[in-house]
Amino acid sequence: MKLKLGIPKGSLENATIDIFRRAGFQITTSSRSYFPSIDDPEIECMLIRAQEMARYVEDGILDAGLTGRDWIEENGSDVVALADLIYSRASFSKVRWVLAVPESSPVQSVKDLQGKIIATELVGATKRYLARNGVEAKVEFSWGATEVKPPVLADAIVEVTETGSSLRANRLRIVETVLESNTQLIANKESYKDNWKQRKLADIKLLLDGAIAALGKVGLMLNVEKSNLPQILALLPALKNPTISQLSDGNWVAVNTILEELTVRNLIPRLKEAGAQGIVEYPLNKIVN
């Protein structure tokens, strides 16, 4: 038996393959094939656009897949959401679909777009957003380059953003957030009733969650005399209390902890000043709680 798993093709592709690598799965893609190889004989991968993933999972063409919550909502797909995986192509955070207008536009809220034209790739969700706000406007599907359409081809756009830099570069101003989104691991309802597939997906979820929990974190090991241990512990902002182990020399202990990677460059010199020796920083692939 094999699990048919959809990997999102496009902007999320590289980030997804990297997360799977951290989770322990080696996925190899080819520009000529939509069927990447994976070093797990129980999984069969297929590259599918994130926009279409939920539909193929719902229809049972795929047992499971990874796609954005935005596209699940856009398609109104009836699938099992197994995990929220907070990563994107540029960061470890959620993305936003925002309503944006030219900097010179008088529009201050969605209410000001009554009777106007809005361009977006997220047509269904945008229409539902307008309906919730009691606004009637024309929503046009955008085939790309949405940021350049206002003010000539549209009065406003609904576009996805992580940092807002592309919108600012095109002299657009964010008015409101339409919805937030993140990658989700989803499954077909019938497939998830199969005990083998359910357990396989539970294993994948556990490993992916562990890989994401380790993003931006490193391990740190050091040795310290017991007399200096209080000063060392005062410096360490650990996820939990650090692990302390007795060394063969009864006056010394080893300290092992997990830290945010960005803090380590400032922390190591302070640890050295406080008496730490043999300081080792090492990368982490997974943190499983």
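Predicted model, so just to flag it, every value in this text is computed and none were measured.

## Describing the nonpolar core
- Judged by nonpolar contacts, the single largest core of 30 residues is most densely connected at Leu-5, Ile-7, Phe-20, Leu-66, Leu-85, Tyr-87 and Leu-208.
- Counting residues per element, the ones that place at least two in this core are strand 1 (3–9), helix 1 (13–23), strand 4 (43–49), strand 5 (64–68), strand 6 (80–85), strand 12 (183–187) and helix 7 (195–213).
- Excluding its chain neighbours within four sequence positions, the residues that come into contact with Leu-208 are Ile-19, Phe-20, Ala-23, Leu-66 and Leu-85.
- If you look at the next biggest cluster of nonpolar residues, it comprises 21 residues, including Trp-71, Val-110, Tyr-129 and Val-139.

## Points about the environment of Leu-99
- Among the secondary structure elements, Leu-99 is positioned in strand 7 (residues 95–102).
- The class for Leu-99 is buried, based on a relative accessible area of 1%.
- A C-alpha to C-alpha distance of 6.8 Å links Leu-99 and Glu-159, two positions 60 residues apart in sequence.
- Leave out the neighbours within four places in its chain, and Leu-99 touches Val-110, Leu-113, Tyr-129, Ala-156, Ile-157, Val-158, Arg-173, Ile-174, Val-175, Glu-176 and Val-178.

## Some points on unusual backbone geometry
- Look at the link from Pro-150 to Pro-151: it is a cis peptide, with omega at 0°.
- As for its placement among the helices and strands, Pro-151 is situated in the loop between strand 9 (138–141) and strand 10 (156–161).
- The phi dihedral of Ala-145 is positive, around 50°, even though this residue is not glycine.
- Despite not being glycine, Arg-171 has its phi angle at roughly 55°, a positive value.

## Quick look at the packing of aromatic side chains
- In the structure shown here, the tally under the stated rule is three aromatic pairs.
- The interplanar angle of 85° and the centroid separation of 4.8 Å between the aromatic rings of Phe-141 and Trp-143 together place this pair among those described as edge-to-face.
- Take Phe-141: its relative accessible area is 39%, and that puts it in the partly exposed class.

## Remarks on the sheet that holds strand 10
- Read across the sheet, five strands follow the order 9-8-10-7-11 without closing on themselves; strand pairing throughout is mixed. A strand with exactly one partner marks an edge of an open sheet, and here the two such strands are strand 9 and strand 11 (172–181). Strand-to-strand, the axes of this sheet are offset by a mean angle of 25°, without reference to chain direction.
- As defined by bridge partners, strand 8 (residues 117–120) adjoins strand 9 across four bridges and the pair is classed as parallel. When the bridges of strand 9 are listed, Ile-117 appears paired with Lys-138.
- Packing of helix 4 (residues 123–132) onto the sheet brings it into contact with strand 7, strand 8, strand 9, strand 10 and strand 11, and relative to strand 9 it is tilted by some 170°.

What counts, and at which threshold
Residues numbered from 1 in each chain as written. Predicted model: local features only at pLDDT ≥ 70, side-chain atom pairs only at ≥ 80, totals over all residues. Heavy atoms only, no water. Core = buried A, V, L, I, M, F, W, Y, C linked by side-chain atoms within 4.5 Å. Buried < 20%, exposed > 50% of the residue type's maximum accessible area, 1.4 Å probe, protein only. Helix = DSSP H or I, 4+ residues; strand = E, 2+ residues; numbered from the N terminus. Contact = heavy atoms within 4.5 Å. Phe/Tyr/Trp six-rings, centres within 6.5 Å; stacked < 30°, edge-to-face > 60°. Pairing = 2+ DSSP bridges. Axes fitted to C-alpha atoms, helices over the stretch in contact; angles between N-to-C directions.

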